[in-house]
Structure formats: C-alpha cells, structure tokens
Amino acid sequence: MGAGGNMSVRPAVKKSETKLHKRVPSSKPPFTLSQLKKAIPPHCFQRSVVRSFSYVVYDLTIAYLLYYIATTYFHLLPSPLSYLAWPIYGFVQGCILTGVWVVAHECGHHAFSDYQWLDDLVGLVLHSCLLVPYFSWKYSHRRHHSNTGSLERDEVFVPKQKYQIPWFSKYLNNPPGRMITLTITLTLGWPLYLLFNVSGRHYSRFACHYDPYGPIYSDRERLQIYISDAGVLAVTYGLYHLAAAKGLAWVMCVYGGPLLVVNGYLVLITYLQHTHASLPHYDSSEWDWLRGALATVDRDYGILNKVFHHITDTHVAHHLFSTMPHYHAMEATKAIKPILGEYYHFDKTPVYKAAWREAKECIYVEPDEGDQNKGIFWYRNQL
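Predicted model only: the values in this text are computed from it and were never measured. (Residues numbered from 1 in each chain as written. Predicted model: local features only at pLDDT ≥ 70, side-chain atom pairs only at ≥ 80, totals over all residues. Heavy atoms only, no water.)

Caption draft 1: How the structure looks around the state of the cysteines. All chains considered together, the criterion is met by 0 disulfides. Cys44 takes part in no disulfide bond, and the closest cysteine sulfur, belonging to Cys107, lies 19 Å away. Take Cys95: it sits in no disulfide, and the sulfur closest to it among the cysteines is that of Cys253, at 17 Å. (Disulfide = S-S within 2.5 Å.)

Caption draft 2: Spatial organisation of the pattern of salt bridges. Taken as a whole and judged by the stated rule, the model has 14 salt bridges. One salt bridge in this structure joins Arg291 and Glu286, with 3.2 Å as the shortest N-O distance. You'll find Arg291 and Glu286 in the same group, each marked buried. Between Arg380 and Asp368 there is a salt bridge; the shortest N-O distance is 2.7 Å. In this pair, Arg380 sits in strand β5 (residues 376–380) while Asp368 sits in the loop between β4 (364–366) and β5, placing the two residues 12 residues apart along the sequence. By relative accessible area, which is 8% here, Arg380 ends up buried. (Salt bridge = Lys/Arg side-chain N within 4 Å of Asp/Glu carboxyl O. Buried < 20%, exposed > 50% of the residue type's maximum accessible area, 1.4 Å probe, protein only. Helix = DSSP H or I, 4+ residues; strand = E, 2+ residues; numbered from the N terminus.)

Caption draft 3: Layout of the side chain of Glu358. You can see Glu358 is positioned in helix α15 (residues 351–361). A polar contact of 3.1 Å, which involves the side chain of Glu358, links it to the side chain of Arg299. (Polar contact = N/O pair within 3.5 Å; in protein donor to acceptor, adjacent residues only side chain to side chain.)

Caption draft 4: A look at the nonpolar core. By size, the foremost hydrophobic cluster in this structure holds 55 residues, and its most contacted members are Trp101, Trp190, Tyr265, Tyr301 and Phe308. When residues of this core are traced back to their parent elements, those giving at least two are α3 (49–73), α4 (79–108), α5 (116–129), α6 (134–146), α8 (175–196), α9 (222–246), α10 (248–274) and α15. Counting residues per element, this core draws most heavily on α10, which supplies 12 residues. Once residues lying within four places of it in the same chain are set aside, the contact partners of Trp190 are Trp101, Val132, Trp137, Thr185, Asn263, Leu266 and Val267. Of all hydrophobic cores here, the second largest spans 17 residues; its members include Leu36, Leu290, Ala293 and Met324. (Core = buried A, V, L, I, M, F, W, Y, C linked by side-chain atoms within 4.5 Å. Contact = heavy atoms within 4.5 Å.)

Caption draft 5: Expanded view of the sheet that holds β4. Pairing is antiparallel across the open sheet formed by 3 strands, whose spatial order is β1-β5-β4. Where the open sheet ends on each side, the last strands, each with one partner, are β1 (281–282) and β4. By the bridge criterion, 2 bridges tie β1 to β5 in an arrangement that is antiparallel. Residue Tyr282 lies in a different strand from β5, and its bridge partner there is Ile376. (Pairing = 2+ DSSP bridges.)

This is the structure:
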C-alpha cells in the first residue's frame, strides 16, 4: 500500500492540498524524546484505575442499552423499518465496541493501570470478547511500536518497494480496482493479518498470531499465546451455543454485524495512521526509533474521535509515549506540538476521502532519484 508520488505540484492543485502533501522532515529532529517528555505536564503520565474503569463501564453500558433496544423493540417495527434498523444498530454498536477495543489496546501498552496483572486481565477479557488474541496481538503490536517506520522490522502496513509489487497490481490501479481493494481490506484485512500476517513484516517462515511456535514470538511468550487462543476459543464456543439457542441469524445481527464494523474501523484507523504521501519510511541504514515514531499522522474522525477515545487524533503522542493513558493524550499532544513543529502532521481530510486518496497514491515506496540518502523511502503510485 504504497504511495504518494513526486512532490511536484500541478498548477491546478489547491494551496491547501499543496500544504497537505508537504513532506514531513526525514532528517534527525533537533529535539530529543526527553525534551518532549519535559514539555508534558507530569500528571499526564499518571494512570488511574478508577478513571480507566470508568471508560469500560461507560462503553459497556451504552453497548448494553443498544443491545436491549434492538432485541426488545426491533421485532415490533414494520418489516421495512426493521431491515433498516439492524444495519444502523450494527454500525452504531460497532463504533461503541471499537471504543472497547481501544481500552483493551491500552491494557496491552500497560496504560490502563499501574498493575500489569490487572491490565492483562482486563485486556484479555475485552479482547477475547471481540475475538482478538490478546497476548498475541500485544506482543506483535509492541514490536510495531519499537520498529515503526522500518521497512525491515515494522509489523503492520509495511509498504512494499516497487520490485515487490505483485504483477496484478497494475490491473487494480483504477477506481473499480481500488474499490475492490478497500472493500477486501476493511472486511477481511484484520482476520487475514491475524491468520496469515497479511500486510505485516516478512518472516523466514509462515507467521500466524494463533501459533505459539510461530516466528513472531519468543520462547518466554509461548504460554501466553496459548492463553490468548483459549480466550478466543472460549468466546467462540459460547457463540456456538448462543447460535444453537437463538439462531445464527440472531447472532449475526446482534454480534456479527457490530464485530464487522469493529474490524473494519481497526484496519482503517491503523492504515490511515501510517499511510500518507508525506510520510517517510526507512531502511536499516537510516532508521532510528524517534524518526520512525514521528512517521505517523493524526486524523480527524469528527465525533468518533471521542467515541474512539482519541486514538485517532493523538496517535503521534501515543507512539512517542505509549504507556500514557488515552485520557491525557489530548493535553500531551497540545504540549508537544510547538516543539515538534513540522515533524508533527495532522490531516483533517474527511476519512472516506483520505482512504480513497491513500489507496490511489500510496502503492509502493522508493528513495528519491539522485538523493544521497538512499535509505529514506517515499510513497509512489506510478506502476
């Protein structure tokens, strides 16, 4: 999913678009991580069990109310309205459950509380209920944070170089092809990543998030991968019995539809955080942790920023300080923006437009022709 072409701008391009595609600096920044941390009020790094749990209770209360309304009143609606009500429920419930997913994600970063065992317990329960292998994802995602922007070691949405692009890509480089690609990515992208490491880094052998002996994990992590698998299997077993009692259609309407929305948003959010024509990627000759962490972009999802606990519009700060609770991330972002300067990138393009644009412009990465820094790669789209 590569890239955004040369930086030359056609005369017809608006000034705002020119600014939007201005490249984020790829040179070593004139500030350090410790300087950024000093700019953030100390309380932003404090984790509160009560406050963190308040978001769990808040999200689950709304989710239950939506479930109660749907299962109690939808069958009373005339048939045309009931057919419309269930998709609306699925979308809204999916948005709320994406917020639950984000809280579990915080647990994986040890940002939920000061107690690792509590973070892992809450994360395991919440993620398992959404069919996510908690520890499996926790460890691969942690490596993503340790290697962001690295072409060799990053774990997710790693762009390909031109020679790695499959032969059929040129046939998808058109509006129908992009629509097919985006549809598959948003519906099947998450399970394909978990099962087959699609869009992930290259491993010497088959990599799967459910395989305790796969190359993603070390020996000391294998027991926890088994626990992750057991959590997903337990929820799957429960869903099987629920389908036997209530019917498969009922389970798909109440649970399957919202889960599809959760998975779609998870992939979309991650894709748009790390895919932009202005962002660099690095090979081992140029990569360092701070430049990699800055190679990400904050996005505006409107009211969903709040629903998603601001994982969308504070992602730069999250990559710099991943153990910081989400409820302090907005304040932290505001504090570090003056220091980051041009190294901070925020794109307020509506999400549906941004997804289409990045799918069009971000096909592969290459270094600039004639540039001495051959280890710095930029997105291209000319196949």
